[in-house]
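Listed here are the chains, written in short residue letters.
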Amino acid sequence: MRTDFALVLTAALLLDASWGSNGEHASTGPCRPGFSQSFYSVLISRDVLQSQGILKDTTVSSQKVKFDDCMGNEAIVFESSDPNFSVRTDGSIFAQGEGAILDEPVQFKLTASGLHTQVWKTVVQLAPIDPPSFPQNENEVTNEEGKVAERKERKEGLQGPPPVIMFSKSSLNSSKGLRRQKRDWVIPPINVAENSRGPFPQMLVSIRSDQDQDISIRYSITGVGADQPPNEVFNIDPVLGKMFVTKPLDREHRSSYHLRAHAVDMNGNQVENPIDLYIFVIDMNDNRPEFKNQVYNGSVDEGSKPGTYVMHLSAFDADDNTTANGMVRYRILSQTPHSPIPNMFTINSETGDIATVAPGLDREKVSQYTIIVQATDMEGNLNFGLSNTATAIITVTDINDNPPMLTSRTFSGEVPENRVDVVVANLTVIDADQPHSPNWNAIYRIISGDPSGHFTIRTDPVTNDGMVTVVKPVDFEMNRAFMLTVVVSNQAHLASGIQSSLQSTAGVTISVQDVNEPPYFPTNPKHIRFEEGVPAGTTLTTFSASDPDRLQMQQTIRYSKLNDPADWLSINRTNGQIVTTAILDRESVYVKNNIYEATFLATDNGSPAASGTGTLQIYLIDINDNPPALIPRESQICEQMNKNANGVNITAADTDTDPNAGPFVFELAKFPMSVRRNWTISRISGNYARLGLYYQIYLEPGVYEVPIIVSDSGNPPLSNTSIIKVKVCPCDHNGDCTAVGAVAAAGLGTGAIISILICIIILLSMVLLFVVWIKRREKERQTKQLLIDPEDDVRDNILKYDEEGGGEEDQDYDLSQLQQPDSLEHIISKPPGVRRVDERPIIPESQYPIRPVVPHPGDIGDFIHEGLRAADNDPTAPPYDSLLVFDYEGSGSTAGSVSSLNSSSTGDQDYDYLNDWGPRFKKLADMYGGGDDD
């Protein structure tokens, strides 16, 4: 028996069944664009290949890939992922590479595209097979018989037994030496519908080997879904070779499985070559279309023409988009509002693009539409498809289709003269376009009536009103009223076809109110020139003002002085004549750059009165009225001229200006005579000279006053005798005064210097003696004896106080030793120095006031005082000079432990209250009570 032929027949049967079923499906029902199936398996006989390379453009199979775009397949282009094989537009498969070889199965993706925005994809598998031979036994069937059987199965609802897949003949068990091995057959894919309801496990195919009649064979499968995650989706009966699917499959999770079938003997030896099994999950319509967003926002201009694009919606279906299960179609369910018609928009059923379908969009009537869009798979079949909805909100955007209109054809206002930045009229406008948009914002223009530009119109950003504002003062005497023509427009241009309204133009009448204007000085500031030094009472000029109110009754102007820094001027009250009241001095601090400035006030008698100011600037011409002054007034020079050949450079300063200043003339005064005998002046330039000693003249170090006469160049010239103090001092080799020389030159002789040094030494000695005295006094204070009686000095004495033990809480302590004795006889008979009484007294105990269990530390004074009073009033108490026992507290004492006492006092305490405790505490009061010192 030849298993090769059985395998060929089985594969052909499955392939024909697959293609036949798809072909019949495609021939019925409405046109569905795309490939006829998602996977094509094409078997190519090896006699066609002839074991050589396939020539370019050679058709490799008579089978074709079926594709239909439902529009005549115009401009359809197929693109293959394999460089060697592709598909022509008629669906035939050809070799697009030179010398393409098909030794083993080839699988490639095929993409179809064209004028459509959608792209379709499928998978094509090419598999070589050996040519079939005639049947040789009764178990083999012919191709025609297989087709008949397949059609019968199809008619019977595919209820027949699953196909049997035979292993190909191999040479693994051959004992006749080396021979050519047959290539494996390519098994057509096994199609399994997703979401199958079972029952599971569900049998898919049977796998057999023709050697199972001779030996026992065990079958197994490997691959993803068998022994790789997800495991145990498929399993196989190891004895019978029946392969099962164990649970429902989900194409959206995994669309295909690739398994390999194995056949081994009982010892695990491979008896057949593994065969590849491709299992494709057939898509079922189990997923609704899903919109990416539940609400989509779009916009369209009002007045748009029909067919204007608005927005795009898209829904995704997880099912196979090459089948009707994943082909989504869109439609509009509702539109709100229904104005002007219920169907203002349409949607492209395939792309989801929304466009206008009717004119009449008007934002001023309807500004927003809400559309419910439904997406349905199965190509929009409402009976079988699954649907989902989304909301599209379409905003009608504004265009400038409404011109602004003024509410009145005329407006009026009034303005006082000489006022600026005041609103004199308010223009109101209405515009139906969207507020606060360029289509609504108004722009006002004055087109006539204001040639000088006195007014402008500003737009109120909130109300859109026009505010007529004065930007340039108006004069009642020049214009009593203005007639303005105003036009209003929008910031954006009007839409095409929209004409301006007649109400966009209006007239504005503005009346000017007359006010009392202040007088003004025609020439302001006014400049005049005068020589300085003019005497008081000189008339300088008449500074008069004019009244701009020419149309009113003639007003009287009165003048007054507003600012006169040096108080040099006065003004006539009625005519404005200015007269000097003092001598004008150009060198005054009130004169800046030879100009003296004063301000005057002119006031009319209007109601209310108005005033204006004017400035008078007097340019003062310089005269020679200030003599020059010598510079510098002090200097120094070496005592011998040959050590300072330069001498002292001198110059002069003159507050006058040219030609009443330099050049200057310098000369020595005639008196005293020693000046010209010791000193000399030589001219350097027009303004500088040199003062020096005569050659070989020696002067003692000191300060010398040299009088020098300085004259300016005025007409007539002015002179001034100035004194320059020259220090004559010994100099070093550089010509500079030495330190000793500087002191000597300052007028201090050797005796004076010695006296100063002696004073400094005496002062230091006094400071040293004072420090020594302070140290000794401090030492004496530390060694000084106390001023108290030595017997009262307790600093060097050790005072022993009776020890009370561990307190009352110490149970091992014998409190009986602290009791007061019955009598004092044994006390008196005790040897001197015994302080403790060990016997318990029998006499009744004195009754003391009951105190709190834990006395407050602040009550210690009261505690001692009460004990003292009780002792004084106790007739059984011993006399003052006898032994007193204070360490016994009585039976059942309420006193707390001494260790619980603490002191919260800080700083010095006042012990004056000890004086009130009686004679027993007098010594303590004297020591700490702060009494008068003896």
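Because the structure is a prediction, the values reported are computed rather than measured. (Residues numbered from 1 in each chain as written. Predicted model: local features only at pLDDT ≥ 70, side-chain atom pairs only at ≥ 80, totals over all residues. Heavy atoms only, no water.)

Enquirer: Would you mind going over the pattern of salt bridges with me for this structure?
Expert: Proximity of charged atoms lets side chains of opposite charge pair with each other. Tallying each qualifying case throughout the model produces 11 salt bridges. Aspartate 283 is the salt-bridge partner of arginine 251, the closest N and O atoms lying 3.0 Å from each other. A residue pair is termed long-range when its members are at least 10 positions apart, and arginine 251 in the loop between strand S15 (242-245) and strand S16 (256-265) and aspartate 283 in the loop between strand S17 (275-282) and strand S18 (290-291) qualify at 32 residues. One salt bridge in this structure joins aspartate 398 and arginine 363, with 3.2 Å as the shortest N-O distance. Remark: arginine 363 occurs in the loop between strand S24 (353-356) and strand S25 (368-376) and aspartate 398 occurs in the loop between strand S26 (387-397) and strand S27 (405-406); sequence separation between them is 35 residues. (Salt bridge = Lys/Arg side-chain N within 4 Å of Asp/Glu carboxyl O. Helix = DSSP H or I, 4+ residues; strand = E, 2+ residues; numbered from the N terminus.)

Enquirer: I keep staring at the nonpolar core and nothing clicks. Help me out?
Expert: Soluble globular proteins tend to bury their nonpolar side chains together. Judged by nonpolar contacts, the single largest core of 26 residues is most densely connected at Phe234, Met243, Leu277 and Ile279. Within the residue set of this core, elements represented by two or more residues are strand S11 (190-193), strand S12 (202-208), strand S13 (217-223), strand S14 (234-236), S15, S16 and S17. Once residues within four sequence positions are removed from consideration, leucine 277 is found in contact with Ile165, Ile187, Ile207, Met243, Tyr257, His258, Leu259 and Ala261. (Core = buried A, V, L, I, M, F, W, Y, C linked by side-chain atoms within 4.5 Å. Buried < 20%, exposed > 50% of the residue type's maximum accessible area, 1.4 Å probe, protein only. Contact = heavy atoms within 4.5 Å.)

Enquirer: How should the sheet that holds S11 be read in this particular structure?
Expert: Strand pairing within a sheet occurs via backbone hydrogen bonds; the two strands may be parallel or antiparallel. Reading across the sheet, the 4 strands line up as S11-S17-S16-S13 and stay open at both edges, with mixed pairing between neighbours. Across the chains shown, the open sheet's two edge strands, defined by having one partner strand only, are S11 and S13. Along the sheet, successive strands turn relative to each other by an average axial angle of 30 degrees, direction set aside. As paired elements, S11 and S17 share 4 bridges and run parallel to each other. Within S17, the residue paired with isoleucine 190 across the bridge is isoleucine 279. (Pairing = 2+ DSSP bridges. Axes fitted to C-alpha atoms, helices over the stretch in contact; angles between N-to-C directions.)

Enquirer: Looking at this structure, I do not really get the state of the cysteines. What am I missing?
Expert: The bond known as a disulfide is covalent and runs between the sulfur atoms of two cysteines. A complete count under the given rule lists 1 disulfide for this structure. At a sulfur-sulfur separation of 1.9 Å, the disulfide partner of cysteine 638 is cysteine 731. The sign of the S-S torsion, about -110 degrees, decides the handedness of the disulfide formed by cysteine 638 and cysteine 731: left-handed. Of this pair, cysteine 638 sits in strand S44 (residues 634-638) while cysteine 731 sits in the loop between strand S50 (719-729) and helix H5 (739-745), and the two are 93 residues apart along the sequence. Neither residue differs from the other here; cysteine 638 and cysteine 731 are each classed as buried. (Disulfide = S-S within 2.5 Å.)

Enquirer: When you look at the confidence of the model for the chain in this model, what are you seeing that I'm missing?
Expert: Atomic detail in the predicted coordinates should be set aside for any region of low pLDDT. Residues of the chain with pLDDT of at least 70 account for 75%, and the chain-wide mean is 78. Residue range residues 1-28 is modelled with pLDDT below 50. Its contacts to residues more than four positions away, or to other chains, number 64 contacts. Counting contacts from residues 170-185, a segment whose pLDDT is below 50, to residues more than four positions away or on other chains yields 27 contacts. (pLDDT = per-residue confidence, 0-100.)

Enquirer: Could you clarify how one ought to interpret a nonpolar patch on the surface in this entry?
Expert: The grouping of Leu763, Val767, Phe770, Val771, Trp773 and Ile774 at the surface amounts to a nonpolar patch, some 590 Å² of accessible area in total. Following the sequence through the fold, phenylalanine 770 ends up in helix H6 (residues 750-783). (Patch = residues over 30% accessible without salt bridge, like charges linked within 9 Å, V, L, I, M, F, W, Y side chains within 5 Å. Areas by Shrake-Rupley, 256 points an atom, 1.4 Å probe, with all protein chains shown as cover.)

Enquirer: Whenever I open this one, the packing of aromatic side chains confuses me. Can you help?
Expert: For any pair of aromatic rings, the description rests on two quantities: the centre-to-centre distance and the angle between the ring planes. A full pass over the atoms with the stated rule returns 16 aromatic pairs. Ring plane angle 75 degrees and centroid distance 5.4 Å describe the contact between phenylalanine 345 and tyrosine 369, whose orientation is recorded as edge-to-face. Residue phenylalanine 345 is found in strand S23 (residues 345-347), and its partner tyrosine 369 is found in strand S25; the two are separated by 24 residues along the sequence. An identical accessibility class is assigned to phenylalanine 345 and tyrosine 369; each is buried. Each member of the aromatic cluster is reached from another via a ring pair, and the members are Phe35, Phe67, Phe78 and Trp120. (Phe/Tyr/Trp six-rings, centres within 6.5 Å; stacked < 30°, edge-to-face > 60°.)

Enquirer: What exactly am I supposed to notice about unusual backbone geometry here?
Expert: For residues besides glycine, phi is generally negative; the peptide bonds are generally trans as well. That bond from phenylalanine 200 to proline 201 is cis: its omega, -5 degrees, falls within 30 degrees of zero. On the secondary structure map, proline 201 appears in the loop between S11 and S12. Look at the link from asparagine 715 to proline 716: it is a cis peptide, with omega at -5 degrees. Note on placement: proline 716 falls in the loop between strand S49 (702-711) and S50. In this structure, asparagine 464 takes a positive phi of about 70 degrees despite not being glycine. Within the secondary structure, asparagine 464 sits in the loop between strand S32 (455-459) and strand S33 (466-470). By relative accessible area, asparagine 464 is classed as buried at 3%. Within the chain, asparagine 593 stands out as a residue other than glycine whose phi angle is a positive 55 degrees. Along the polypeptide, asparagine 593 turns up in the loop between strand S40 (577-580) and strand S41 (595-604). What makes asparagine 593 exposed here is its relative accessible area of 70%.

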